[in-house]
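# Coordinates in review
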Amino acid sequence: QVRLVESGGGLVQAGGSLRLSCAASGGTLNNYAMAWFRQAPGKEREFVAMIWSGGSISYADSVKGRFTVSRDNAKNMVYLHMSSLKAEDTAVYYCAAQRTGRPWVASDYSYWGQGTQVTVSS
């Protein structure tokens, strides 16, 4: 059973930066594709970014050029560096893991963290 714990959220002004971290335990991250999703109030959970075990990366169009996902398999950590933040980036951000499945489909993920709140003030 993989356990994921996010950290690093907070309140930031528009244009600012934050780095989110996701710590994994109970399994080896090498075996999983790791993703970040977010959910704003009243909206569905949406795909943000994904990094496969081999290092390939995919981003949602809304964050391309502003967000960077990375992983450190030796430390069982995944990161999301967010820059040029906008008010519309405000959401709870979740880390998720899957062995196989469609990257952008939340229901295809087996493990989830509890989420960390990111609030961007305009």
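The structure reproduced in this document is the subject of the present report. (Residues numbered from 1 in each chain as written. Predicted model: local features only at pLDDT ≥ 70, side-chain atom pairs only at ≥ 80, totals over all residues. Heavy atoms only, no water.)

### Looking at the overall build of the protein
Let me state the cut-off plainly: Think of it this way: any DSSP run of H or I at least four residues long counts as a helix, any run of E at least two long counts as a strand, and we number them from the N terminus. C-alpha atoms define the radius of gyration in this analysis, and the globule rule sets the expected value at 2.2 Å times the number of residues to the power 0.38. Exposure categories follow from relative accessible area, calculated using a 1.4 Å probe and restricted to protein chains: below 20% of the type maximum is buried, above 50% is exposed, and the middle band is partly exposed. By definition, residues are in contact when any of their heavy atoms lie within 4.5 Å. Accessible surface is estimated by sampling points in the Shrake-Rupley manner with a 1.4 Å probe; for residues, cover comes only from the protein chains shown. Note on charges: Lys and Arg go in the positive column, Asp and Glu in the negative column, and His and the chain ends are not counted at all. By convention, charge coordinates are those of NZ in Lys, CZ in Arg, CG in Asp, or CD in Glu.
Within the protein, the secondary structure is distributed over zero helices and 11 strands. Each helix (α) and strand (β) of the protein, taken in turn from the N terminus, gives the series β-β-β-β-β-β-β-β-β-β-β. Taken over the C-alpha trace, the protein has a radius of gyration of 13 Å; the compact-globule value for 122 residues is 14 Å, and the two agree within 12%. When the backbone C-alpha atoms are referred to their principal axes, the protein occupies close to 40 × 25 × 25 Å. Per-residue burial over the protein gives 46% buried out of 122 residues. For the protein, restricting intrachain contacts to residue pairs at least 6 apart in sequence, the fraction spanning at least 24 positions comes to 57%. As displayed, the protein offers around 6,100 Å² of accessible surface, 46% of which is attributable to carbon and sulfur atoms. Charge separation in the protein, taken as the distance between the mean sites of 12 positive and 8 negative side-chain charges, equals 5 Å.

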